[in-house]
2 protein chains.
Amino acid sequence: MNQFTINILGCGSAKPSTRHYPSCTVLNVRENLYMVDCGEGAQMQMQRQKLRFNRLNHIFLTHLHGDHVFGLPGLLSTLSLLKREGTVTIHTFADGIRVLRDIIRYFSPILTYDLVFNEISPGTDLIYEDRHITVRTIPLKHRLPCVGYIFEEKQKPRHLIGQMADFHQVPIAVRKDIIQGADFIKSDGTVIPNSMLTTAPSHSASYAHIGDTSFIPKMADKIGPVDLLYHESTYLTADLHDAAGRGHSTAAQAATMAEMCGAGQLLLGHYSSRYKDLSLFLNEAREIFPNTILGFEGMSVPLI
Amino acid sequence: MNQFTINILGCGSAKPSTRHYPSCTVLNVRENLYMVDCGEGAQMQMQRQKLRFNRLNHIFLTHLHGDHVFGLPGLLSTLSLLKREGTVTIHTFADGIRVLRDIIRYFSPILTYDLVFNEISPGTDLIYEDRHITVRTIPLKHRLPCVGYIFEEKQKPRHLIGQMADFHQVPIAVRKDIIQGADFIKSDGTVIPNSMLTTAPSHSASYAHIGDTSFIPKMADKIGPVDLLYHESTYLTADLHDAAGRGHSTAAQAATMAEMCGAGQLLLGHYSSRYKDLSLFLNEAREIFPNTILGFEGMSVPLI
């Protein structure tokens, strides 16, 4: 069982097609679900992919174009029909809060759970953290305010070397401090350095969700060497002019960004409906960044 | 090629399932499409069923519950992305006009076509007619204002008996009056009665779309002997209590209505997600009204 997976619910762009759903991605971090964008059909796709509604507590919107938002009224209404309790938080701009609140008030005036809005701005910011992860925004360049999100697992506890801990008679109660990095001080004052008792913690995984956006080279520094970079690739280089004009990127630009920020792997998506053969995207990106994969609906990509 | 078909795009109820889409039906009358309700996913279903977006000019909403409406923002936005021209009319209550207008204004401020709202009231009324059909509303009884719709083909021209018309030397220019029922008056004043020149017109088909609603016996008179009655059947008789409490009907009640109004055929739909085996609906209805069919997504039911 992977502890951090990226599930693709929709990787089409605005014009619908029978091949793709509009944008929706769900991160599963130790059975806590975090949704990024909520295109039409997201709730059906969650069911098809067996992602449990009661595990979804946070929805992060990149921007307020319909193909990233129109699944939200139905999903929020369904959570209430399912008698969902607790809190569901939507992270979006002030505008989104206003317009979504109006829709929900009309169509779902009584919810069984607390719907909370967390207002974000189109800047760089730590907007959320919990026990497992932090979420930062990155400003993108689209036809209206838009942000990307970087999800990072917090540093994990170090691994205790059981035999060494037993040899030095480290009490059970103290071991939780040891795995956080503390040295062990024996009753006679002897210090056993942490490095003798533990090994390095497991890797903390990181995922950057970058879309919709024009290609912005300087963004690479802000993203950094994430394990998995999702970068929108609406167009192929042959249609670079359309990409630039409409605030989108090409597969080659997505690959260039992956290369520049030192990502472990690149995941493509948000394909324009004009292309029938997606292998063209893969080929174009792999020439620049070989470790590229094509996103498709139903896919689950493990990070660790 | 049938000239009047009913296409089922979604026949589930509010709670989504992997088996059904929420409510959406598209009538195809001589390649003019009329949509009744627009649940989430309607635009994808239109594409799957090869129903052409540029043939859709009218959308009739039965009521303003999300599972009948949430596909509309995406569909209207898509029509504009496809550079649709002309006029698209949404028939709904004043409330619906207000809330939908706000959503469209925010997410699709510039449309390539004219979006027109026709305000209806929850009464009985002729709300629309064109060259081919008339549309009347029927008040239903649900948890909020709700109407059914009756679509009726206008009376068609009579069939000219070519040999008789030639024998009596009916001029070509006059024949259009003859097929509308006029007698032919020869130059010598002799009257050739229409019945000698024509045979009865083809049948004018009629379809009633009844849902969501409690069972209301007196509605039968208003519906009359339509060729095809769609009547919601959210529940089985075993759950009659839920049907009554939630403003819905059972399969047996739908069948009773079909029997009472003298419908030619009954089409069931709007099944609660609690039932896995839909044949139970069919069996329950057929005991009362044998000519019953189960609606399912992708189905196209010819009327004539």
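Overview of the structure. (Residues numbered from 1 in each chain as written. Chains lettered and ligands numbered in written order. Predicted model: local features only at pLDDT ≥ 70, side-chain atom pairs only at ≥ 80, totals over all residues. Heavy atoms only, no water.)

### Examining the overall build of chain A
1) Next: Broken down by element type, chain A carries 10 helices and 18 strands.
2) Next: The proportion of buried residues among the 304 residues of chain A is 57%.
3) Next: Considering only contacts in chain A between residues 6 or more positions apart, those separated by 24 or more positions represent 64%.
4) Next: Split by element, the accessible area of chain A, about 12800 Å² in all, is 53% carbon and sulfur.
5) Next: The centroid of the 28 positive side-chain charges in chain A is displaced by 4 Å from the centroid of its 29 negative side-chain charges. (Helix = DSSP H or I, 4+ residues; strand = E, 2+ residues; numbered from the N terminus. Buried < 20%, exposed > 50% of the residue type's maximum accessible area, 1.4 Å probe, protein only. Contact = heavy atoms within 4.5 Å. Areas by Shrake-Rupley, 256 points an atom, 1.4 Å probe, with all protein chains shown as cover. Lys, Arg positive; Asp, Glu negative; His and termini not counted. Charge placed at Lys NZ, Arg CZ, Asp CG, Glu CD.)

### Side note on the side chain of B:Thr134
All names here are of chain B.
1) Next: Looking at where Thr134 falls in the secondary structure, it is placed in strand β8 (residues 133-139).
2) Next: Judged by relative accessible area, which is 16%, Thr134 ranks as buried.
3) Next: When near neighbours in sequence (up to four residues on either side) are disregarded, Thr134 contacts Leu126, Tyr128, Glu129, Ile150, Phe151, Glu152 and Lys154.

### Focus on the relation of the copies chain B and chain A
1) Next: Mapping chain B onto chain A leaves a residual RMSD of 0.1 Å; the transformation is a rotation of 180 degrees accompanied by 0.0 Å of translation along its axis. Between the two chains, the operation in question is that of a two-fold axis. Within chain B, B:Gly41 has its C-alpha nearest the rotation axis, a separation of 2.9 Å.
2) Next: Both copies share a contact surface, since 100% of the interface residues of chain B are interface residues in chain A too. (Least-squares fit on C-alpha atoms with pLDDT ≥ 70 in both.)

### What about the pattern of salt bridges?
1) Next: In total, this model carries 16 salt bridges over all chains according to the counting rule given.
2) Next: A:Arg98 serves as the salt-bridge partner of A:Asp95, at 3.7 Å between the closest nitrogen and oxygen. Pair noted here: A:Asp95 and A:Arg98 are both in helix α3 (residues 94-107), with a separation of 3 residues, about one helical turn.
3) Next: Taking the shortest distance from any N to any O, the salt bridge between B:Asp239 and B:Arg274 comes out at 3.2 Å. Linking B:Asp239 in the loop between β15 (228-232) and α8 (240-246) with B:Arg274 in the loop between β16 (265-269) and α10 (279-286), this pair joins segments that are 35 residues apart in sequence.
4) Next: Given the relative accessible area of 36%, B:Arg274 is considered partly exposed.
5) Next: What you see here is one network of salt bridges that share partners, running through A:Arg30, A:Glu153 and A:Lys156. (Salt bridge = Lys/Arg side-chain N within 4 Å of Asp/Glu carboxyl O.)

### Let's talk about the pairing of strand β4 (residues 56-60) of chain A
Residues and elements named next belong to chain A.
1) Next: Summarising burial for β4: 4 of the 5 residues are buried, a large majority.
2) Next: Summarising the sheet, strand β3 (residues 32-38) and β4 pair through 4 bridges and their orientation is parallel. Directly across from Leu33, in β4, lies its bridge partner Leu56.
3) Next: Handedness of the crossover is the feature at issue here: the chain leaves β3, passes through helix α1 (residues 42-48), returns alongside β4, and the resulting connection is right-handed.
4) Next: Pairing of β4 with strand β5 (residues 87-92) involves 3 bridges; the strand directions are parallel. Considered in β5, the bridge of Phe60 is made with His91.
5) Next: In this fold, β4 hands off to helix α2 (residues 72-81), which returns the chain to β5; that crossover is right-handed. (Pairing = 2+ DSSP bridges. Right-handed = clockwise from strand over helix to strand, strands pointing away.)

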